[in-house]
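Architecture at a glance
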Amino acid sequence: MKRQKFRFKKEFYTIDGIWNVPGYVINSGYGYDFKTYCCKNCGEIFVEQIESKRKQNSDAEKMIDDSCPNCNVNLVNNLVDYPENIFYENKLFKNNNEIDKIHFKNTEIVEVYSLN
Ligand SMILES: [Zn+2]
């Protein structure tokens, strides 16, 4: 699995009474839709690139054989939506905050694993 650079903004959420839990929101656009996931076992972040014309289903099947490069679990059973779920201090949290995917200020380039 290849690592690739993507543009994100870093946000801080309050989750389960814990302040300042960091989460990255990917900057989509320019003909691509990006969807982010994390491994629920270790928190490794993954990006799926969805080309507008392609159906979303085709990529899901491709992931089946892949295992997490960080902790080695099978990804098909362990990928969860991110940052709707955030792995923080060795625990997976459900992030119920509203996630702003429209406004991007102060972005940064982060290298993460690309699923395709
Ligand atoms: Zn993992």
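Omega for the bond connecting Y82 with P83 falls within 30 degrees of zero, at 0°, which places this linkage in the cis form. Position of P83 among the secondary structure elements: in the loop between β5 (79-81) and β6 (85-88). Here the phi dihedral of N72 falls at roughly 75°; this positive angle occurs in a residue that is not glycine. One can find N72 in the loop between α1 (57-63) and β5. In this structure, E89 takes a positive phi of about 45° despite not being glycine. Mapped onto the secondary structure, E89 falls in the loop between β6 and β7 (91-94). On the accessibility criterion, E89 (65% relative accessible area) is exposed.

So, about the sheet that holds strand β8 (residues 107-114). With respect to topology, 6 strands assemble into an open sheet ordered β2-β1-β8-β4-β3-β5, the strand pairing being mixed. Either end of the sheet is taken by a strand with one partner, and the two such strands are β2 (18-26) and β5. Sheet twist, expressed as the average angle between the axes of neighbouring strands with direction ignored, equals 55°. Where strand β3 (residues 32-39) meets strand β4 (residues 45-51), 7 bridges bridge the pair, whose relative direction is antiparallel.

Rules of the game
Residues numbered from 1 in each chain as written. Predicted model: local features only at pLDDT ≥ 70, side-chain atom pairs only at ≥ 80, totals over all residues. Heavy atoms only, no water. Helix = DSSP H or I, 4+ residues; strand = E, 2+ residues; numbered from the N terminus. Buried < 20%, exposed > 50% of the residue type's maximum accessible area, 1.4 Å probe, protein only. Pairing = 2+ DSSP bridges. Axes fitted to C-alpha atoms, helices over the stretch in contact; angles between N-to-C directions.

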